[in-house]
Amino acid sequence: VSFVHVPDGVYQRSGRRNLVEAKKVVEIILTHYQTTPERSLGVVTFSQAQRDTIQIELDQALRSRPDLQHCFSESADEPFFVKNLELVQGDERDVMIFSVGYARDETGKFILNFGPLNKEGGERRLNVAVTRARYAVKLVSSFQPEDIDLTRTASRGVHLLRSYMTLARDGLKALYADLQVTEDADFDSPFEQQVYEALSAKGLMLKKQVGVSGYRIDLAVVDPQQTGHFLLGIECDGASYHRSFTARDRDRLRQEVLESLGWRIHRIWSRDWFENPAQEVTKVLKALKDTKAKSPTMNVEKKSLKPVTASTQP
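Not measured: the values here are computed from a predicted model.

Draft legend 1. Molecular detail of the packing of helix α1 (residues 19-35) against helix α2 (residues 48-62). Their axes nearest at 9 Å, the elements α1 and α2 cross at an angle of 50°. Between α1 and α2, the interaxial angle falls into the category oblique. Helix-helix and strand crossings are classified by hand; for α1 and α2 the assignment is right-handed. Residues L19, E21, A22, K23, V25, V26, I29 and L30 of α1 pack against Q50, T53, I54, E57, L58, A61 and L62 of α2. Partitioning the contact of α1 with α2 into residue classes produces ten nonpolar, two polar and three charged.

Dropping the structure here:
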């Protein structure tokens, strides 16, 4: 997922379009077919007016590029398309270009009106649109995510748009922009509570349910030498998890995301715990020792989860 900023884009209220952004989208389309013609392509817009503007600009550009006209054949297995948000349903393409279109107008005024996204269920339309790509999404916008003042709108769709734009621009670290460490968080299960109590008895300082949304870690071991740093993330997985391929696969991807952010994850399986809890505690202590030897810890100060090297320790 990548973010393409068009700083000089302007939303023309008379035509309800952003011509500068449309031209940029056409440029990206032509570059795509010049470099990766084997990958199918689609474009999604927030409005019909922006869709029409992109199509017109593309048709004009292709008059001087006859060498690329075959890429837009309707007889292709997955032909190129430009559709507005309401029309994208089951269409999948290898690469999707997302043109927001809306921006500051000629007077510099920015109204938080994103067409169908503002309406009830707009968040579902956004979810459908951004999940239509197999390989890549290019999000094209004439404004930055911070330009969306969330205090001015209660629209779930608009809130999610800002989050998605931030992810596209800043990468995976954006997932932890709203990191939470809740002191009175509940245990997910008695099994997790037993693990917490056994490790606490060994002198480990633990926090429960650290993170955001689906990326919360069951238990996180606090670095006693650095406030706001974690040494290890511990996941407590029950018997039902063992039997669910979907859950295992989903959690594997989830762990990859966490590890790419610098977390070290140690798993405890409920069956192993109930058979020999002392042995599982020993495994955790060994994992902790290995982690300390490799040095970086997870920093959660100022809502950041960037790895901090040993050389920064006081």
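Draft legend 2. Layout of the side chain of E192. Following the sequence through the fold, E192 ends up in helix α5 (residues 190-201). No salt bridge is formed by the buried E192, whose closest oppositely charged neighbour, K208, lies at an N-O distance of 7.5 Å. Filtering out sequence-adjacent residues up to four positions away, E192 remains in contact with F187, Q209, D218, L219 and C236.

Draft legend 3. Layout of the packing of aromatic side chains. Scanning the model with the defined rule gives 15 aromatic pairs in all. Three or more aromatic residues joined by ring pairs form one cluster here, namely Y11, F46, F98, Y102, F110, F114 and F143. R39 extends its terminal NZ or CZ atom over the ring of Y135, reaching a point 4.0 Å from the ring centre. Over the ring of Y196 we find K208; its NZ or CZ atom is 5.6 Å from the centre of that ring.

Draft legend 4. Geometry of α5. The end-to-end C-alpha separation of α5 is 16 Å, in line with the 16 Å expected for twelve residues at 1.5 Å each. What α5 keeps buried is the set F191, E192, V195 and L199. In a view along the axis of α5, the buried residues occupy a sector of 100°, so they form one face of it. Opposite the buried face of α5, by more than 90 degrees, sit the exposed residues P190 and A201. Packed against the buried residues of α5 are β7 (206-211), β8 (217-222), β9 (229-237), β10 (265-269), α8 (270-275) and α9 (277-294). Positive phi appears at G203, one or two residues downstream of α5, with a value of about 95°.

Draft legend 5. The pattern of salt bridges, seen in detail. Under the counting rule described, the total for this entry stands at 16 salt bridges. Of the charged contacts, one joins E57 and K23 as a salt bridge, the two residues approaching to 2.9 Å between their closest N and O atoms. Here K23 lies in helix α1 and E57 lies in helix α2, a separation of 34 residues in the sequence. On the accessibility criterion, E57 (13% relative accessible area) is buried. Since its relative accessible area comes to 43%, K23 is described here as partly exposed. Two residues, D67 and R65, come together in a salt bridge whose shortest N-O distance is 2.8 Å. According to the relative accessible area criterion, D67 is partly exposed, its value standing at 42%.

Conventions used here
- For every chain, the first residue of the written sequence is number 1, and numbering continues from 1 onward in sequence order.
- Where local features are concerned, this predicted model is filtered to residues with pLDDT of at least 70; where side-chain atom pairs are given and counted, the filter is 80 or more; whole-chain, interface and lining totals use all residues.
- Think of the side-chain values as coming from all heavy atoms in the structure, minus any hydrogens and water.
- To get an axis, a line is fitted to the C-alpha atoms, and for a helix only the part in contact is used. The angle between two axes follows their N-to-C directions and goes from 0 to 180 degrees.
- The helix count covers DSSP runs of H or I at least four residues long, the strand count covers runs of E at least two residues long, and both are numbered beginning at the N terminus.
- Comment on the angle field: the value is read as roughly parallel under 35 degrees, roughly antiparallel over 145, roughly perpendicular from 65 to 115, and oblique elsewhere.
- In a left-handed crossing the near helix is turned counterclockwise from the far helix by less than a right angle, and in a right-handed crossing that turn is clockwise.
- Working rule for contacts: check all heavy atoms of both residues, and any pair within 4.5 Å makes them a contact.
- Each residue is assigned to one of three groups, with Ala, Val, Leu, Ile, Met, Phe, Trp, Tyr, Cys and Pro labelled nonpolar, Asp, Glu, Lys and Arg labelled charged, and all others, Gly among them, labelled polar.
- Burial classification: accessible surface area is computed with a 1.4 Å probe over protein chains only, and a residue below 20% of its type maximum counts as buried, one above 50% as exposed, and the rest as partly exposed.
- Two residue types count as positive, namely Lys and Arg, and two as negative, namely Asp and Glu; His and chain ends fall outside the count.
- A pairing counts as a salt bridge when a side-chain nitrogen of Lys or Arg comes within 4 Å of a carboxyl oxygen of Asp or Glu.
- Stacked, tilted and edge-to-face are the three classes assigned to paired rings of Phe, Tyr and Trp, where Trp is represented by its six-membered ring and a pair needs centres within 6.5 Å; plane angles under 30 degrees give stacked, over 60 edge-to-face, the rest tilted.
- Think of it as a cone above the ring: NZ of Lys or CZ of Arg counts as a charge over the ring if it is within 6 Å of the ring centre and within 35 degrees of the ring normal.
- How far a helix is expected to stretch is found by multiplying one less than its residue total by 1.5 Å.
- The directions considered for the arc run from the helix axis to the C-beta atoms.

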